[in-house]
Amino acid sequence: QVQLVESGGGLVQAGGSLTLSCAASGMTFSNYAMAWFRQAPGKEREFVAAISWSGGSTKYADSVKGRFTISRDNAMNTVYLQMNSLKLEDTAVYYCAARLGGELAYIKQTSYHYWGQGTQVTVSS
């Protein structure tokens, strides 16, 4: 049974940094494209970043480009999201997602088969 468990969320001041982790189990991790999405209060869930199975292809939302970095360690079955220069508008629940068959970095939510439970990131002024 596939499980995705996010960690690393918390409270941080604007301008600060956080690194989120998503540990996967019950799957051959290297066969999956991975992504991060987020949902702010009162808003729909939106794409943040995605990475192909090999890590050779990545994509970012315009709102995070240059500040966030997605990476993966296939030996550790983990995908990361390094978040720098955090802004108030980055406050959201961040979700990890996995897609079997991951040659590309997919940006649509409907492309993903499995989801984690989410981790809260709160950016304060």
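Residues numbered from 1 in each chain as written. Predicted model: local features only at pLDDT ≥ 70, side-chain atom pairs only at ≥ 80, totals over all residues. Heavy atoms only, no water.

Undergrad: Please explain the nonpolar core as it appears in this structure.
TA: Looking at soluble globular proteins, one finds that nonpolar side chains tend to be buried together. Met 27, Met 34, Trp 36, Val 79, Leu 81, Met 83 and Tyr 94 are the most contacted members of the largest nonpolar core, which totals 39 residues. Secondary-structure elements contributing two or more residues to this core are β3 (18–25), β4 (32–39), β5 (46–51), β7 (68–73), β8 (78–83), β9 (92–100) and β11 (119–124). Top element by residues in this core is β4. It accounts for 6 residues. (Core = buried A, V, L, I, M, F, W, Y, C linked by side-chain atoms within 4.5 Å. Buried < 20%, exposed > 50% of the residue type's maximum accessible area, 1.4 Å probe, protein only. Helix = DSSP H or I, 4+ residues; strand = E, 2+ residues; numbered from the N terminus.)

Undergrad: Help me out: how do you make sense of the pattern of salt bridges in this one?
TA: Side-chain pairing between opposite charges can occur once the charged atoms of the two side chains come close. Counting across every chain of the model gives 4 salt bridges. With a closest N to O distance of 3.1 Å, Lys 65 and Asp 62 form a salt bridge. Overlapping salt bridges bring together Arg 38, Glu 46, Arg 67 and Asp 90 as one network. (Salt bridge = Lys/Arg side-chain N within 4 Å of Asp/Glu carboxyl O.)

Undergrad: Any chance you could explain the packing of aromatic side chains here in plain terms?
TA: Aromatic rings in a pair are described by how distant their centres are and how their planes are angled relative to each other. Overall, the coordinates contain 5 aromatic pairs when judged by the stated rule. Here Phe 37 and Trp 115 contribute two aromatic rings whose centre-to-centre distance is 5.0 Å and whose plane-to-plane angle is 50 degrees, an arrangement assigned as tilted. With Phe 37 in strand β4 and Trp 115 in strand β10 (residues 114–115), the pair connects residues that are 78 residues apart, well separated along the chain. A relative accessible area of 0% places Phe 37 in the buried class. Overall, the relative accessible area of 27% leaves Trp 115 in the partly exposed class. Positioned above the aromatic ring of Tyr 106 is the side chain of Arg 99, whose terminal nitrogen or guanidinium carbon lies 4.1 Å from the ring centre. (Phe/Tyr/Trp six-rings, centres within 6.5 Å; stacked < 30°, edge-to-face > 60°. Lys NZ or Arg CZ within 6 Å of the ring centre and 35° of its normal.)

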